[in-house]
Amino acid sequence: ETGVTQTPRHLVMGMTNKKSLKCEQHLGHNAMYWYKQSAKKPLELMFVYNFKEQTENNSVPSRFSPECPNSSHLFLHLHTLQPEDSALYLCASSQVPSRETQYFGPGTRLLVL
Amino acid sequence: RKEVEQDPGPFNVPEGATVAFNCTYSNSASQSFFWYRQDCRKEPKLLMSVYSSGNEDGRFTAQLNRASQYISLLIRDSKLSDSATYLCAVNKVDSSYKLIFGSGTRLLVRP
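Residues numbered from 1 in each chain as written. Chains lettered and ligands numbered in written order. Predicted model: local features only at pLDDT ≥ 70, side-chain atom pairs only at ≥ 80, totals over all residues. Heavy atoms only, no water.

1. Some details on the state of the cysteines
Residues and elements named next belong to chain A.
Line of reasoning, step 1. Applying the stated criterion across every chain yields a total of 2 disulfides over all chains.
Line of reasoning, step 2. The disulfide partner of C23 is C91, and the S-S distance across this bridge is 1.9 Å. Across the S-S bond of C23 and C91 the torsion is about -70°, and the bridge reads as left-handed. Taken together, the residues C23 in strand 3 (residues 18-25) and C91 in strand 9 (residues 87-94) connect sequence positions 68 residues apart.
Line of reasoning, step 3. For C91, a relative accessible area of 0% gives the class buried. (Disulfide = S-S within 2.5 Å. Helix = DSSP H or I, 4+ residues; strand = E, 2+ residues; numbered from the N terminus. Buried < 20%, exposed > 50% of the residue type's maximum accessible area, 1.4 Å probe, protein only.)

2. Overview of unusual backbone geometry
Line of reasoning, step 1. Cis geometry is adopted by the peptide bond preceding P8 of chain A, which originates at T7 of chain A and carries an omega value of -10°.
Line of reasoning, step 2. Tracing the sequence through the fold places P8 of chain A in the loop between strand 1 (4-7) and strand 2 (10-13).
Line of reasoning, step 3. A cis amide bond, omega 5°, links G9 of chain B with the succeeding residue P10 of chain B.
Line of reasoning, step 4. Within the element layout of this structure, P10 of chain B appears in the loop between strand 1 (4-6) and strand 2 (11-14).
Line of reasoning, step 5. If you check the backbone angles, D77 of chain B has positive phi at about 50° while not being a glycine.
Line of reasoning, step 6. Relative to the helices and strands, D77 of chain B is located in the loop between strand 8 (70-75) and strand 9 (84-91).

3. A few points about the interface of chain B and chain A
As a measure of interface size, the accessible area lost when the parts come together is often cited.
Line of reasoning, step 1. Facing the 21 residues of chain B at the interface are 24 residues of chain A.
Line of reasoning, step 2. Buried area between chain B and chain A, both sides added, is near 1,900 Å², and the carbon and sulfur share of it is 55%.
Line of reasoning, step 3. If you look at where chain B meets chain A, you find 0 salt bridges.
Line of reasoning, step 4. At the boundary of chain B and chain A, one finds 2 residue pairs in polar contact (both at pLDDT 80 or more).
Line of reasoning, step 5. The class makeup of the residues in the side of chain B that touches chain A is 8 nonpolar, 8 polar and 5 charged. (Contact = heavy atoms within 4.5 Å. Buried area = accessible area lost by both parts, 1.4 Å probe. Salt bridge = Lys/Arg side-chain N within 4 Å of Asp/Glu carboxyl O. Polar contact = N/O pair within 3.5 Å; in protein donor to acceptor, adjacent residues only side chain to side chain. Nonpolar A, V, L, I, M, F, W, Y, C, P; charged D, E, K, R; others polar.)

4. Some thoughts on the nonpolar core
Line of reasoning, step 1. If you look at the biggest cluster of nonpolar residues, it comprises 24 residues, and the most contacted ones within it are F21, W35, I71, L73, I75, Y86 and L107 of chain B.
Line of reasoning, step 2. When residues of this core are traced back to their parent elements, those giving at least two are strand 3 (19-25), strand 4 (33-38), strand 5 (44-50), strand 7 (60-65), strand 8, strand 9 and strand 11 (105-110) of chain B.
Line of reasoning, step 3. Residues L21, F64, C68 and V112 of chain A belong to the second largest nonpolar core, which totals 22 residues. (Core = buried A, V, L, I, M, F, W, Y, C linked by side-chain atoms within 4.5 Å.)

5. Some details on the sheet that holds strand 8 of chain B
Residue and element names in this part refer to chain B.
Line of reasoning, step 1. Pairing within the open sheet is antiparallel, and its 5 strands lie in the order 1-3-8-7-6. Two strands lie at the open edges of the sheet, namely strand 1 and strand 6 (55-57), each paired on one side alone. Across the sheet, the mean angle separating the axes of adjacent strands is 15° when strand polarity is ignored.
Line of reasoning, step 2. Across 3 bridges, strand 1 lies against strand 3 in antiparallel orientation. Directly across from Q6, in strand 3, lies its bridge partner C23. (Pairing = 2+ DSSP bridges. Axes fitted to C-alpha atoms, helices over the stretch in contact; angles between N-to-C directions.)

Right, dumping it as structure tokens:
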């Protein structure tokens, strides 16, 4: 399935590095989301974009910086991360926020050394 | 009380068994409910939406109990390939745009 794609699929970075995660949806949806999934924890919503406008920042540290240039693309810029930020980062999209089904990308598995 | 709660399991059942999971939610005004399936090291994939009248898709049946504020997922004739973690999701009823996910219930189907 290629409805929602994410790159890279795996990323190893040092705490002083800067990297970006990319998400693209081919479903014609208007809402996009970033989630973090750590081991043994539920999915944590990080950011929500609706028609390119950020509508939710779920108390995410500033070392995570989202960017949504259009309804099809979403980025997550990373800088000075901590080892506890190691997790699976999932992008999702939906036609409209909240009540509609969300479709997930394959995720980026991030390891911070 | 957590907004969405699930028994983490694991549920260990033989092939062919019937197994059921519940998911409780705290906000009685929630309107949208979903079951997702997540395989190890993969993304969650939508299994089915849960409607007020309940819905069935092959071996899978989802039910909503508004009075007791839970949704259920019933799997009949379990297959080895059903082994996965099952996540429930409930919309958050406020001005934000959120689905709240449970921690998931792990199912292991043994030969």
